[in-house]
Amino acid sequence: MNVIFAQLLNGLDKGGAYALIALGLTLVFGTLGVVNFAHGALFMLGAFCAVTFRYLITLETVTVDPEKLSPWGAPLEIRTPLAQNWLGDFGAVLIDYSVPISILLAIPVMLVIGVVMERGLIKHFYRRTHAEQILVTFGLAIVLQEIVRSVFGANPIPQPAPQDLRGAADFGVWLGMAPNVLTYPLWRLVYFLFSIGIIGAVFAFLHFTTFGMVVRAGMVDRETVGLIGIDIGRRFTIMFGIAAVVAGLAGVMYTPLLPPNYHLGMDFLVLSFVVVVVGGMGSLPGAVAAGFLLGILQSFASMTGVKAIIPGIDQIIIYLVAVVILLVRPRGLMGRRGVMES
Amino acid sequence: MFSLAKKDLLSLGVFALIVLAMPFWLSPLGAAYPALMQKLAIFAIFAVGFNILFGLTGYLSFGHAAFLGIGSYTAVWSFKLLTMNVVPAVVFAVVMSGVFALAIGYLSLRRSGIYFSILTLAFAQMSYSLAYSVLTPITNGETGLLLVQGDPRVLDALFAEPRQGLPVPTLLGLDMSGYAGFYFCAAMLVIAFYLSQKIFASPFGLALRGIKSNQTRMNYTGFNTRPYTLAAFVISGMYAGLAGGLLAVTDPLAGAERMQWTASGEVVLMTILGGVGTLVGPVVGAWLIKYLENIFSAFNESILQRFFSFLPDGLDTFVVTVTSKFVGDGWHLTLGLMFVLVVAFLPGGIMEGIHRIVRSFQRRGDREPDGSLKAQPAE
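Residues numbered from 1 in each chain as written. Chains lettered and ligands numbered in written order. Predicted model: local features only at pLDDT ≥ 70, side-chain atom pairs only at ≥ 80, totals over all residues. Heavy atoms only, no water.

Chain B appears in an unreviewed UniProt entry as Branched-chain amino acid ABC transporter permease from Borborobacter arsenicus. Within the UniProt record for chain B, the comment given under Subcellular location (unreviewed entry) is "Cell membrane". (UniProt positions renumbered as here; feature names shortened; annotations may be inferred.)

For chain A, the name recorded in an unreviewed UniProt entry is Branched-chain amino acid ABC transporter permease, with Borborobacter arsenicus as its organism. Under the UniProt heading Sequence similarities (unreviewed entry), the note attached to chain A is "Belongs to the binding-protein-dependent transport system permease family. LivHM subfamily." Word for word, the UniProt comment on chain A under Subcellular location (unreviewed entry) is "Cell membrane".

As structure tokens, this is what we get:
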């Protein structure tokens, strides 16, 4: 029982990342009808927002103290981060919490990147075939990831979680079990809650604001909304920006779990496309549900007991699910009848 | 059965001449060494085969590299178990990838459009992950499948004394390295091109084009399209297997990274860059990309500095820093940019570009330009 519960928890954080990326993909597909292969690159760019922020905030001054000597006999260099110099203890806290704080940087940056991408390139591909959309965004993804590589290098750059959130939570105690039966890394818990929060925010935005209502109407029938005299194109552009922000934030918060490198986006993209398809093209709840479902499935498949029965299942489970779903029920779990069903 | 129309025969002759004369016309371009020319021929075969599926039927497969990898593994196993002769290796590679293509195609072709792309992608990723992990006894995992001294090589052991050192693939006693290897690949390319010409000109090819332009209509006329698309899928999978087998012939090792989806993306790019659905286009695209890859990744800052040394002092360092991002390790950046630009501005690829240029010259040559637009069929 505990084992099953532990695997369930283990799947949640990865599922959260899948759900967030798939949510953005579905938003873009549902509004603009564009299959965006560069969405994984947006996730990666978000992660590198966190890297950049940490780099900036930990810029140091080096002062040489001639009085003290290092163990090698050279004058001791004292490094103090500028932020700590200027802001004192608050600066230290700022550095400690750099990952969550870099969200503030990531939101405007990702919004701008998203809008520029849509206006600059994707706009011209509304009327082209899906194949061409896939190809051009695939090329764009290569360009983005290579730019990141030339700036940040090819090695993964680890990002520490804040000190207070680094340990493990004794999850079992909260459920009335004995201590140390079921522990769970705190940051994963944070990531799960964060993804739930973002997903809730996106749904609330779509359902409880006028802007969201118009967007939803446009997703159903773009032409009619346009005929009423609403500039639906501009709103869809903003939705693209929001999808980019969602992907970016998913990337920012994922950095302590997986040190980001330049091909992070590609690794996640294929999986999240599978997630979208399993959930049903164009269905937002489907994308979220399928994200968590596949995350949990994957963590169950990597149990040693399961691997002993079917070797290698952990590597292919997601693709296997996708193949079965596509062949048996092509509109996915929650897809609308008739949307992309052939 | 093996005859071609006169025009096709001519183009086949010219093509064969160009391919076989590669060592001559590539030497001024600084690319006339066998290892690169082998690659040029092999990837041209890969792209020609991919074009039979994507160019004729319009089905965009994102997992074709899997067949390339399967071909390589099969060929290396043939070297290990049977003989260093290349003929069985290539034949087995083609057959094995054909079998896999039949299975994967049978399932994937139940869907079309983006679903088909994702299905093929999923199958390819599955093969890739399995080759890396569970199938290590067959694929040798991360190290890649290599020839070793203790391989059985049953047939070779029957007929000849084992030589010292690692054996190399041979054809009729001729070592398949260097120019011999290139000419073997080139011959294969010419045969592959000929077969693709036959397919393009055949009723089968016409049916495939019909499927591309309107599959529903084909179905309504009582035409069962499934066997046709499946046949196209298997044929192009076999081409990929042939290419993979030849990769193993020229350099007998096989690794899983050949099956990764970026490799599948590369062949798509080759086909698109050259011109989808044209005969020569994929070959041109494959050559251009492999050539540029080779040239660009060899560049480094010192070469660039020499190249730009004619510029004024401050400017040249600036230009060098900017351009150095696009060469060497940054070659993929150039590739991605090329990808975006071609799809955006020249969806028909280089062949369309050439046609446009030729047409504009013809129009200028005429005293009275036609002026009238081509009649647009009603939707």
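What follows picks up the thread again.
Q: Would you mind going over the overall build of chain B with me for this structure?
A: Of regular secondary structure, chain B possesses 18 helices and four strands. Taking 2.2 N^0.38 as the reference for a compact globule, 379 residues should give roughly 21 Å; the C-alpha atoms of chain B span a radius of gyration of 23 Å, in line with that estimate. Here the C-alpha coordinates of chain B stretch approximately 75 × 70 × 40 Å along the principal axes. The proportion of buried residues among the 379 residues of chain B is 51%. Excluding contacts between residues fewer than 6 apart, the proportion of contacts in chain B whose partners are at least 24 apart in sequence is 76%. (Helix = DSSP H or I, 4+ residues; strand = E, 2+ residues; numbered from the N terminus. Rg over C-alpha atoms; globule rule 2.2 N^0.38 Å. Buried < 20%, exposed > 50% of the residue type's maximum accessible area, 1.4 Å probe, protein only. Contact = heavy atoms within 4.5 Å.)

Q: What am I meant to see in the packing of helix α15 (residues 313–328) of chain A against helix α6 (residues 113–132) of chain B here?
A: Axis angle and axis distance: for two packed helices, these are the angle between their axes and the distance between the axes, and together they describe the pair. At a closest axis distance of 9 Å, the pairing of α15 of chain A and α6 of chain B adopts a crossing angle of 155 degrees. It follows that α15 of chain A is roughly antiparallel to α6 of chain B by the angle criterion. Relative to α6 of chain B, the crossing made by α15 of chain A is left-handed. Touching Q315, I316, Y319, L320, V323, L326 and L327 of chain A of α15 of chain A are Y115, I118, L119, A122, F123, Q125, M126, S129 and L130 of chain B, all from α6 of chain B. Per-class residue counts for the contact of α15 of chain A with α6 of chain B are 13 nonpolar, three polar and no charged. (Axes fitted to C-alpha atoms, helices over the stretch in contact; angles between N-to-C directions. Parallel < 35°, antiparallel > 145°, perpendicular 65-115°, else oblique. Left-handed = near helix turned anticlockwise from the far one by under 90°. Nonpolar A, V, L, I, M, F, W, Y, C, P; charged D, E, K, R; others polar.)

Q: Just checking my understanding: could you explain the UniProt feature "transmembrane region" (unreviewed entry) in chain A for this structure?
A: All names here are of chain A. Sites flagged by UniProt as "transmembrane region" (unreviewed entry) map to residues 15–34, 41–57, 97–122, 189–215, 236–257, 269–296 and 308–328. For residues 189–215, the end-to-end C-alpha separation is 32 Å, with 96% helix and 0% strand making up the annotated structure. For residues 236–257, the helix share is 86%, the strand share is 0%, and the end-to-end C-alpha distance is 32 Å.

Q: Any chance you could explain the domain arrangement of chain B here in plain terms?
A: It is common to report an interface's size as the accessible area lost on association of the parts. All names here are of chain B. Taken as a whole, chain B is organised into domain 1 (6–279) and domain 2 (299–365). The straight-line distance from the C-alpha centre of domain 1 to that of domain 2 is 29 Å. Between domain 1 and domain 2, the contact holds eight residues from the first and nine residues from the second. Each partner contributes to the roughly 750 Å² buried at the junction of domain 1 and domain 2, and carbon and sulfur atoms together form 78% of this total. By the criterion of area lost to domain 2, the three top residues of domain 1 are L269, I272 and L273, representing 65% of everything that side buries. Along the contact surface separating domain 1 from domain 2 lie zero salt bridges. Where domain 1 touches domain 2, the interface holds three residue pairs in polar contact (both at pLDDT 80 or more). (Domains from an automatic or database assignment. Buried area = accessible area lost by both parts, 1.4 Å probe. Salt bridge = Lys/Arg side-chain N within 4 Å of Asp/Glu carboxyl O. Polar contact = N/O pair within 3.5 Å; in protein donor to acceptor, adjacent residues only side chain to side chain.)

Q: Honestly, the interface of chain A and chain B in this entry has me stumped. Any pointers?
A: At the interface, 38 residues of chain A touch 36 residues of chain B. Roughly 3,400 Å² of surface becomes buried between chain A and chain B when both sides are summed, with 81% attributable to carbon and sulfur atoms. Taken together, the connections running from chain A to chain B amount to zero salt bridges. Linking chain A with chain B are five residue pairs in polar contact (both at pLDDT 80 or more), by the criterion used here. Looking at the side of chain A that touches chain B residue by residue, the class counts come to 29 nonpolar, five polar and four charged.

Q: Please explain the UniProt feature "transmembrane region" (unreviewed entry) in chain B as it appears in this structure.
A: All names here are of chain B. What UniProt calls "transmembrane region" (unreviewed entry) maps, in this numbering, to residues 12–33, 40–62, 82–107, 114–135, 181–208, 228–247, 267–289 and 333–354. Between the end C-alpha atoms of residues 12–33 the distance is 24 Å, and the span holds 64% helix and 0% strand. Helix makes up 78% of residues 40–62 and strand 0%, whereas the separation of the span's terminal C-alpha atoms amounts to 21 Å.

Q: What should I look at first to understand the pattern of salt bridges in this one?
A: For side chains bearing opposite charge, pairing can occur when the charged atoms are close. If you walk through the whole model with that rule in mind, you get seven salt bridges over all chains. A salt bridge links R128 of chain A to E132 of chain A, with the nearest nitrogen and oxygen atoms 3.4 Å apart. In this structure, a network of salt bridges that share partners links the residues E266, K290 and E293 of chain B.

Q: Can you help me understand the confidence of the model for chain B in this one?
A: Should the pLDDT be low somewhere, the predicted coordinates at that spot are not to be read in detail. With 94% of its residues at a pLDDT of at least 70, chain B reaches an overall mean of 83. Low pLDDT (under 50) marks residues 367–376 of chain B, which in the prediction has one contact with non-local residues, meaning those over four places away or in another chain. (pLDDT = per-residue confidence, 0-100.)

Q: Just to check I follow, could you spell out helix α16 (residues 313–324) of chain B for this structure?
A: Each turn of an α-helix holds 3.6 residues, which means side chains three or four residues apart point in the same direction. All names here are of chain B. Here α16 is 12 residues long and its end C-alpha atoms lie 17 Å apart, about the 16 Å a rise of 1.5 Å per residue gives. Taken as a whole, α16 has its buried residues at D316, V319, V320 and S324. For α16, the arc enclosing every buried residue in end-on projection is 120 degrees, short of the 170-degree limit, so these residues lie on one face. Opposite the buried face of α16, by more than 90 degrees, sit the exposed residues G314 and F318. (Expected span 1.5 Å × (residues − 1). Arc of directions from axis to C-beta.)

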